[in-house]
Amino acid sequence: MKRTFMLITAAMFLAGSFAFAKESTLIDFTQLVADTVVDENGNPTQNSRTVMDYARAAGSSYTSDQKSLMKTSLALPQWEVKLNASAQSVQSLALSRTVAAPVNQNADVPFAGQNVLGVRVLFPAWAHNASAKIVPPYEILGYEPLADVDENGNRLAPTDEQKGKYLFEDGYGLVRNVGTIKSIAVTTLGENYPHKLYVLLKDIDGVERRYYMGNLQFDGWKTLIWNNPDYIAEVRAREIRVYPIYPRGLPYVKFTGFQITRDAADIGNNYVGYFKDVKVIYDLAVLTTDRDINEEDLWGIVTKEENDRKNLQMSRFGNRQVDRFLEKAKEANEETFTPSLNENASSQQDNVR
């Protein structure tokens with residue numbers, strides 16, 4: 001018989017305490033509105049809570065105005081659609097994308113009038129297995145400090161109230177203090193597609209897992225739920241493992257994306273879908289997170305490891321974003337050719353005839 005491994009601290013084990021299940025919103029796409037860093041038309045392009053500056057990877061050959069544009073965030077249009085090799089074509093790569101999809105004001109849902117994540121994927125029309133991942137523009141960081149940004153998307157110093165809090169909690173892609181996951185829920189709008197939906201989560205050890213939520217062959221809003229088949233409600237029947245508390249930190253899970261799979265036997269071509277949020281029900285890993293000694297201020301182990309991870313990630317996605325910035329700058333904007341003849345030349349010739 002399979003048994004789940006419950007994360008529990010030594011203090012809890014010695015005290016004979018037990019875990020309590022809790023529900024949290026992992027990511028709420030209605031919060032990811034673009035509200036800062038305006039473009040040349042005065043429209044905001046980035047989400048102020050999650051904006052990240054990758055200009056540090058650009059080098060010194062760019063002007064300050066150019067570097068000010070080198071920002072990205074979890075704003076809905078910034079998410080990416082990654083097709084597997086068998087699904088890639090010039091057309092599918094060009095047309096598969098995400099948008100901010102406004103929900104009608106008269107819709108019979110609590111989030112009417114707000115924006116959700118809209119996705120279009122162009123799958124092959126021929127009979128072939130294919131899949132697509134809808135992923136954030138960068139990997140969510142576990143220990144990025146919470147701080148406000150100015151109107152240009154530059155991160156400010158944390159306030160006293162923000163100190164000790166982290167950027168991607170509270171529905172922005174990360175839930176901390178997670179033991180065993182009991183259930184996962186996704187609120188999505190179905191369009192009667194026969195494709196299958198998976199949720200991708202990564203834990204504190206960097207292990208990514210895929211959870212099957214069900215197929216999308218329904219019409220309208222629906223909450224798809226995954227229940228852990230190995231979840232053991234009786235604590236005495238569980239196999240308990242004890243982990244050191246510091247510097248491993250509180251166990252967490254973070255959202256790394258959705259995966260849509262299309263079977264070769266199903267209809268291909270366009271897939272269109274909409275997502276509102278992802279929620280999790282889980283056992284707490286630690287009953288209380290208050291410590292008598294602020295160990296991170298004393299040793300700084302977690303901060304150093306997180307900064308090293310952040311710098312590596314910023315370098316990787318920063319180089320990619322800089323390349324995209326350059327391609328955008330080199331993009332042809334002309335729609336028609338400049339005429340080589342006088343505009344009335346043809347009409348004059350017609351009159352002569």
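For the structure, check the block above.
Figured I'd write up the structure that's included with this text.

Each value, and the rule that gives it
- Residues numbered from 1 in each chain as written.
- Predicted model: local features only at pLDDT ≥ 70, side-chain atom pairs only at ≥ 80, totals over all residues.
- Heavy atoms only, no water.
- Helix = DSSP H or I, 4+ residues; strand = E, 2+ residues; numbered from the N terminus.
- Contact = heavy atoms within 4.5 Å.
- Areas by Shrake-Rupley, 256 points an atom, 1.4 Å probe, with all protein chains shown as cover.
- 1 Å grid on protein atoms, 1.4 Å probe; cavity = no way out; pocket = protein on both sides within 12 Å on 5 of 7 lines; lining within 4 Å.
- Points joined across faces, edges and corners; volume = space filled by probe spheres on them.
- Core = buried A, V, L, I, M, F, W, Y, C linked by side-chain atoms within 4.5 Å.
- Buried < 20%, exposed > 50% of the residue type's maximum accessible area, 1.4 Å probe, protein only.
- Phe/Tyr/Trp six-rings, centres within 6.5 Å; stacked < 30°, edge-to-face > 60°.
- Pairing = 2+ DSSP bridges.
- Polar contact = N/O pair within 3.5 Å; in protein donor to acceptor, adjacent residues only side chain to side chain.
- Salt bridge = Lys/Arg side-chain N within 4 Å of Asp/Glu carboxyl O.

1. Concerning the overall build of the protein chain
At step 1: A tally of helices and strands in the protein chain yields 6 helices and 18 strands.
At step 2: Once local pairs closer than 6 in sequence are excluded, the contacts in the protein chain between residues at least 24 apart make up 75%.
At step 3: When the accessible area of the protein chain is evaluated, it comes to approximately 20,000 Å², of which 49% is carbon and sulfur surface.

2. Thoughts on the layout of surface pockets
Gaps left between atoms are located by rolling a probe of water-molecule size over the structure's atoms.
At step 1: Space inside the largest pocket adds up to approximately 1,200 Å³.
At step 2: Secondary structure elements with two or more residues in the lining of the largest pocket: strand S2 (21-28), strand S11 (174-176), strand S18 (269-284), helix H4 (295-299) and helix H5 (301-330).
At step 3: Here the lining of the largest pocket gets 5 residues from one element, more than from any other, and that element is H5.

3. Topic: the nonpolar core
Most often, soluble globular proteins keep nonpolar side chains buried together rather than apart.
At step 1: Counting 55 residues, the largest nonpolar core has Phe29, Phe255, Phe258 and Phe275 as the members making the most contacts within it.
At step 2: Broken down by element, this core gets its largest block of residues, 6 residues, from S18.
At step 3: Excluding residues that lie within four positions of it along the chain, Phe29 makes contacts with Leu76, Trp79, Asn115, Leu117, Phe255, Phe258, Phe275, Lys276 and Asp277.
At step 4: Counting residues in hydrophobic clusters, the runner-up holds 5 residues, among them Ala101, Val109, Phe111 and Val116.

4. Quick notes on the packing of aromatic side chains
Here the distance between the centres and the angle between the planes together describe a pair of aromatic rings.
At step 1: For the structure shown, the criterion picks out 13 aromatic pairs.
At step 2: Pairing Phe29 with Trp79 gives two aromatic rings, centres 5.4 Å apart and planes at 70 degrees, and the pair type is edge-to-face. Of this pair, Phe29 sits in the loop between S2 and strand S3 (36-38) while Trp79 sits in the loop between strand S6 (71-72) and strand S7 (80-83), and the two are 50 residues apart along the sequence.
At step 3: Accessibility expressed as a relative area gives 0% for Phe29, which makes it buried.
At step 4: For the ring pair Phe255 and Phe258, a centre distance of 5.0 Å and an interplane angle of 70 degrees mean the geometry is edge-to-face.
At step 5: The class for Phe255 is buried, based on a relative accessible area of 1%.
At step 6: On the basis of relative accessibility, which here comes to 0%, the residue Phe258 falls in the buried class.

5. Here's the deal with the environment of Ile184
At step 1: Within the fold, Ile184 resides in strand S12 (residues 178-191).
At step 2: Ile184 gets classed as buried once you look at its relative accessible area, which sits at 1%.
At step 3: Between the alpha carbons of Ile184 and Asn228 there is a distance of 8.4 Å; along the sequence they are 44 residues apart.
At step 4: Residues within four places of Ile184 in sequence aside, it is in contact with Leu201, Tyr211, Met213, Leu224, Ile225, Trp226, Val278, Lys279 and Val280.

6. Some points on the pairing of strand S13 (residues 196-203)
At step 1: Judged by how many residues are buried, S13 sits mostly within the fold: 7 of 8 residues are covered.
At step 2: Two strands pair when backbone bridges link them, and S13 and strand S14 (residues 208-215) are joined in this way by 7 bridges, in the antiparallel orientation. The residue bridging Leu200 from the neighbouring strand is Arg210, located in S14.
At step 3: Hairpin connection, S13 to S14: the antiparallel pair is bridged by 4 residues, and Gly206 has positive phi, about 80 degrees.

7. Considering the side chain of Arg262
At step 1: Looking at the secondary structure, you find Arg262 in strand S17 (residues 252-262).
At step 2: Looking at Arg262, its side chain comes within polar contact range of the main-chain oxygen of Pro124, at 2.7 Å.
At step 3: Within the local environment of Arg262, its side chain forms a polar contact with the backbone oxygen of His128, the two atoms lying 3.2 Å apart.
At step 4: In contact with Arg262, not counting residues within four places along its chain, are Phe123, Pro124, Ala125, Trp126, Ala127, His128, Asn129, Ala130, His195, Ile267 and Gly268.

8. Some details on the pattern of salt bridges
At step 1: A full pass over the atoms with the stated rule returns 7 salt bridges.
At step 2: The residue Asp160 makes a salt bridge to Lys163 at a minimum N-O spacing of 3.7 Å. The burial state of Asp160 is the same as that of Lys163; both residues are exposed.
At step 3: Two residues, Asp203 and Arg209, come together in a salt bridge whose shortest N-O distance is 2.8 Å.
At step 4: You can call Asp203 buried: its relative accessible area is 15%.

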